[in-house]
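Residues per chain are reported as follows:
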Amino acid sequence: QNYLDNFWPDLKAAHELFDSIAQARQERESESQENHGKEYPEHLPVEILEAGIKSGRYLQGTLNVNKHRAQLEAFVRLQGFGSKDTG
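These numbers come from a predicted model, not from an experiment.

Caption draft 1: Local environment of the overall build of the protein. What the protein contains, in helices and strands, is three helices and two strands. What you see in the protein, going N to C, is helices and strands ordered as α-α-α-β-β. If you take every contact in the protein between residues at least 6 apart in sequence, the share linking residues at least 24 apart comes to 0%. Counting only carbon and sulfur atoms, one obtains 53% of the accessible surface of the protein, whose full area is about 8200 Å².

Next up, the structure:
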């Protein structure tokens, strides 16, 4: 803000862009505080997930995503299964 005010006081587009970025950042921070520091809201409460895992309704695993082809290649490695049992 100071840089724009001191060196580019007449550059209206840059000031508008800065204001837009500052507002978006402030909104993101307030949303993060509402979600208790979590970037994304949970789909199900932790208690329901834990009960579902214990009952066998849900499976717990690790999502592995190809960093070079993230939109095309990913798999889940299930805990408690061999490394060949993935889906």
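Caption draft 2: Examining the confidence of the model for the protein more closely. Overall, the predicted model of the protein reaches an average pLDDT of 85, with 83% of residues at or above 70. When the elements of the protein are averaged for pLDDT, helix H2 (residues 12-34) gives the smallest value, 88, and helix H1 (residues 2-7) the largest, 94.

Caption draft 3: Layout of the packing of aromatic side chains. Throughout the structure, instances matching the rule amount to one aromatic pair. Residues Tyr3 and Phe7 carry aromatic rings whose centres are separated by 5.2 Å and whose planes lie at 40 degrees to one another, so their mutual orientation is tilted. Note that Tyr3 and Phe7 are positioned in helix H1 at a spacing of four residues, about one turn of the helix.

Caption draft 4: Up close: the pattern of salt bridges. Under the defined criterion, the tally for this structure stands at three salt bridges. Notably, a salt bridge pairs Arg25 with Glu29, separated by 3.4 Å at the nearest N-O pair. In this pair, Arg25 and Glu29 are both assigned in helix H2, four residues apart and thus about one turn of the helix distant.

Caption draft 5: Geometry of the environment of Ser55. Relative to the helices and strands, Ser55 is located in helix H3 (residues 46-55). By relative accessible area, Ser55 is classed as exposed at 57%.

Caption draft 6: Molecular detail of the side chain of His15. Tracing the backbone shows His15 in helix H2. Discounting residues that sit within four places of it in the chain, His15 has contacts with Gln1, Leu4, Asp5, Trp8 and Pro9.

Reading guide: rules and limits
- Residues numbered from 1 in each chain as written.
- Predicted model: local features only at pLDDT ≥ 70, side-chain atom pairs only at ≥ 80, totals over all residues.
- Heavy atoms only, no water.
- Helix = DSSP H or I, 4+ residues; strand = E, 2+ residues; numbered from the N terminus.
- Contact = heavy atoms within 4.5 Å.
- Areas by Shrake-Rupley, 256 points an atom, 1.4 Å probe, with all protein chains shown as cover.
- pLDDT = per-residue confidence, 0-100.
- Phe/Tyr/Trp six-rings, centres within 6.5 Å; stacked < 30°, edge-to-face > 60°.
- Salt bridge = Lys/Arg side-chain N within 4 Å of Asp/Glu carboxyl O.
- Buried < 20%, exposed > 50% of the residue type's maximum accessible area, 1.4 Å probe, protein only.

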